[in-house]
Amino acid sequence: MELASLADSIRSFIEEDGEVLHNIALDIYNNPELGNDEYKSAALLCGALQEAGFEVQMPYMDLATAFKATLDTGKPGGEVGLLCEYDALPGIGHGCGHNLIGVMSVGAARALASIKDELSGKIMVFGCPAEETNGAKVPLSQGGAFDSCDAIMQVHPGSEHAVGGTSLAIDALEFIFTGRTAHASGNPQDGINALDACIQTFNGINALRQHVTPDVRIHGIIKEGGLAANVVPERAVAQFYVRAGKRSYLQEVVKKVLACAEAGAKMAGASLETRSFEYSNDDLLSNRVLGDLWVEQLTDLGIEDTEIIRNYGKEGRGSTDVGNVSHKAPTIHPSIGITGGEKVSGHSREFAACTITTDGQQATLLAAKALALSCLHLLTDETLRDKVREEFITEKNAAPQSIDLS
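Cut-offs applied
Residues numbered from 1 in each chain as written. Predicted model: local features only at pLDDT ≥ 70, side-chain atom pairs only at ≥ 80, totals over all residues. Heavy atoms only, no water. Axes fitted to C-alpha atoms, helices over the stretch in contact; angles between N-to-C directions. Helix = DSSP H or I, 4+ residues; strand = E, 2+ residues; numbered from the N terminus. Parallel < 35°, antiparallel > 145°, perpendicular 65-115°, else oblique. Contact = heavy atoms within 4.5 Å. Nonpolar A, V, L, I, M, F, W, Y, C, P; charged D, E, K, R; others polar. Pairing = 2+ DSSP bridges. Salt bridge = Lys/Arg side-chain N within 4 Å of Asp/Glu carboxyl O. Buried < 20%, exposed > 50% of the residue type's maximum accessible area, 1.4 Å probe, protein only. Expected span 1.5 Å × (residues − 1). Arc of directions from axis to C-beta. Core = buried A, V, L, I, M, F, W, Y, C linked by side-chain atoms within 4.5 Å. Left-handed = near helix turned anticlockwise from the far one by under 90°. Phe/Tyr/Trp six-rings, centres within 6.5 Å; stacked < 30°, edge-to-face > 60°. Polar contact = N/O pair within 3.5 Å; in protein donor to acceptor, adjacent residues only side chain to side chain.

With that settled, the discussion passes to the packing of helix α2 (residues 18-30) against helix α3 (residues 39-51). Their axes nearest at 10 Å, the elements α2 and α3 cross at an angle of 170°. When the interaxial angle is binned, α2 and α3 end up roughly antiparallel. Contacts between α2 and α3 involve Ile-24, Asp-27 and Ile-28 from the former and Ser-41, Leu-44, Leu-45 and Ala-48 from the latter. Counted by class, the contact of α2 with α3 contains five nonpolar, one polar and one charged residues.

Another point: the sheet that holds strand β5 (residues 151-153). Pairing in this open sheet of six strands is mixed, and the strands run β1-β2-β4-β3-β5-β13 from one edge to the other. The outermost strands of the open sheet, each flanked by one partner alone, are β1 (55-57) and β13 (331-332). Two elements, strand β3 (residues 79-84) and strand β4 (residues 122-127), share six bridges in a ladder whose sense is parallel. Paired with Cys-84 across the two strands is Gly-127, which belongs to β4. Sitting on the sheet, α3 touches β1, β2 (67-72), β3 and β4, and the angle it makes with β2 is about 10°. Strand contacts of helix α11 (residues 358-380): β3, β4 and β5, with the helix running at about 160° to β3, the strand carrying the most contacts.

Under the defined criterion, the tally for this structure stands at 12 salt bridges. Between Lys-369 and Glu-15 there is a salt bridge, and its shortest N-O distance comes to 2.5 Å. Of this pair, Lys-369 sits in helix α11 while Glu-15 is found in helix α1 (residues 3-16), placing the two residues 354 residues apart along the sequence. Between Arg-247 and Asp-171 there is a salt bridge, with its nearest N and O atoms 3.0 Å apart. One end of the pair, Arg-247, is in helix α7 (residues 247-268); the other, Asp-171, is in strand β8 (residues 169-178), and 76 residues separate them in sequence. Assigned by exposure class, Arg-247 and Asp-171 land together as buried. Among the ionic contacts, a cluster of salt bridges with common partners joins Asp-17, Glu-51 and Arg-110.

So, about helix α12 (residues 382-395). The terminal C-alpha atoms of α12, which comprises 14 residues, lie 20 Å apart, in line with the 20 Å expected from a rise of 1.5 Å per residue. Those residues of α12 not exposed but buried are Leu-384, Arg-385, Val-388, Glu-391 and Phe-392. The buried residues of α12 occupy an angular sector of 130° when the element is viewed end-on, so they sit on one face. For α12, exposure combined with an orientation more than 90 degrees from the buried face picks out Glu-382, Glu-390, Ile-393 and Thr-394.

Turning to unusual backbone geometry, a few remarks are in order. The residue after Met-58, namely Pro-59, is reached through a cis peptide bond having omega 5°. Its location among the elements puts Pro-59 in the loop between β1 and β2. One non-glycine residue, Asp-62, adopts positive backbone phi at about 65°. Here Asp-62 is to be found in the loop between β1 and β2. With phi around 55°, Ala-130 is a residue other than glycine that occupies positive phi space. Positionally, Ala-130 belongs in the loop between β4 and α5 (137-142).

In this section: the nonpolar core. Residues Ile-10, Leu-45, Phe-54, Phe-67, Trp-294, Ile-336 and Leu-378 are the most contacted members of the largest nonpolar core, which totals 67 residues. Among all residues touching Leu-378, those that are not within four sequence positions of it are Val-80, Ala-151, Met-153, Leu-290, Leu-293, Leu-384, Arg-385 and Val-388. In terms of nonpolar packing, the next biggest core, distinct from the first, is built from 29 residues, Leu-173, Phe-177, Ala-194 and Ile-205 among them.

Here the focus is the packing of helix α4 (residues 98-113) against α11. Packing of α4 against α11 brings their axes to within 8 Å, and their N-to-C directions diverge by 45°. As the angle between them shows, α4 and α11 are arranged oblique. As α4 runs across α11, the sense of the crossing is right-handed. On α11, the residues touching Leu-100, Val-103, Met-104, Ser-105, Gly-107, Ala-108, Ala-111 and Leu-112 of α4 are Gly-360, Thr-364, Ala-367, Ala-368, Leu-371, Ala-372, Cys-375 and Leu-376.

Further remarks concern the packing of aromatic side chains. For any pair of aromatic rings, the description rests on two quantities: the centre-to-centre distance and the angle between the ring planes. This model, assessed by the stated rule, comprises six aromatic pairs. An angle of 55° between the planes, with centres 6.5 Å apart, marks the rings of Phe-175 and Phe-177 as tilted. By relative accessible area, Phe-175 is classed as buried at 0%. A centroid spacing of 5.9 Å and a plane angle of 50° characterise the contact between Phe-175 and Phe-240, whose relative ring orientation is tilted.

Among the six residues that make up β3, six are buried, leaving the element largely enclosed by the rest of the structure. Here β3 shows a buried face lined by Glu-79, Gly-81 and Leu-83 and a second buried face lined by Val-80, Leu-82 and Cys-84. Of the strand pairs in this sheet, β3 and β5 are connected by three bridges, and their pairing is parallel. Bridge pairing in β5 links Val-80 to Ala-151.

Now for the side chain of Arg-385. Within the secondary structure layout, Arg-385 lies in helix α12. A distance of 2.7 Å separates a polar atom in the side chain of Arg-385 from the backbone oxygen of Leu-378. For Arg-385, the contacting residues outside a window of four places in its chain are Gly-77, Gly-78, Asp-150, Leu-378, Leu-379 and Thr-380.

On to the sheet that holds strand β9 (residues 217-224). Ordered by their spatial adjacency, four strands build an open sheet running β9-β10-β8-β11, and the pairing between neighbours is antiparallel. With one partner strand each, in any of the chains shown, β9 and β11 (271-276) form the two edges of the open sheet. Each adjacent strand pair in this sheet contributes to an overall mean axis angle of 20°, direction not counted. Looking at chain direction, β8 and β11 are connected through six bridges and run antiparallel. Within β11, the position partnered with Leu-173 by the bridge is Ser-276. Contacts from helix α6 (residues 194-208) reach β8, β9 and β10 (235-244) within the one sheet, and its direction differs from that of β10 by about 20°. Each of β8, β9, β10 and β11 is contacted by α7, which is oriented at about 10° to β8, the strand it contacts most.

As structure tokens, then:
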């Protein structure tokens, strides 16, 4: 069958599959589950994939709500991967649209399965829990889940259609200061003030800010600072997110932040314990060849070129565990507008409501089609896969791994 006919089949299948996909998205929306507890959501997505002929592994890599679904055509060829997220936000529900992310990828995968006999290679769908908290893509990346993929794609709901851009690498640092209690008025000389050590750490980091590049973000809180004003605090705990545009530079900044904590502890006479309280995320390497392929599919699907924002070279200000994936295989993480052209803040109840509107439903089908059509081109065009891989090799950041504070 010719490529144009296969593309028509994909578009038609997703339109006909629309009610199935919407019902899954609605079910996940109405039953929001927090990270690592997404048992029902993962089961819904896995069931839809199994129904289409995918072989499903769940749990996957010792993660209870992670999964890997594989459709092997039985013929040698390329390997493409699609990512699913499905965790909700506490108190808000699906204010980040993760009830649609998984459905977009599953919808694309089901469409590709419908033309399996015309394809070569493998289609893989990865269920990635807990993006909003510890980010399962980090251990999945470390475990080699994505190493064989020629391309990895995931679409995120947003207020606009966009592709490209980067994200900030991030390390999550916790400092635990231990001192000695004493009466804060009667015999303060006998105490060691852990809170003083913590405050001096903040002072040191605040002084550090003028000596780092503009992409760096350092923000933190005091989680524990004492129990009573008349007792010298023997324990204080601070948590910081430290971010930078590149993992290599972040390593330098983290060393300086650690030095601030060590100095604060020394000044107060307290001891210091340091650990990572969440997984580290790497900066996102957005593959431009894949991004251009994505834009071509959107325009073929009727989206005006002027409606698609190209963020190539634009530095992001957030962080995502998709960044870790992008250091293992060529990756894009575009967004699709679901809000009917209105600017709606993410991580809000208003944005969650947009996911179940007609605009949200249509955007989901649009993204599923563009994903499936992008995969179709990758699986049928070895030269295209080579170009994607060539850019990945050229652009791949050779930064060292995150500092292990465990």
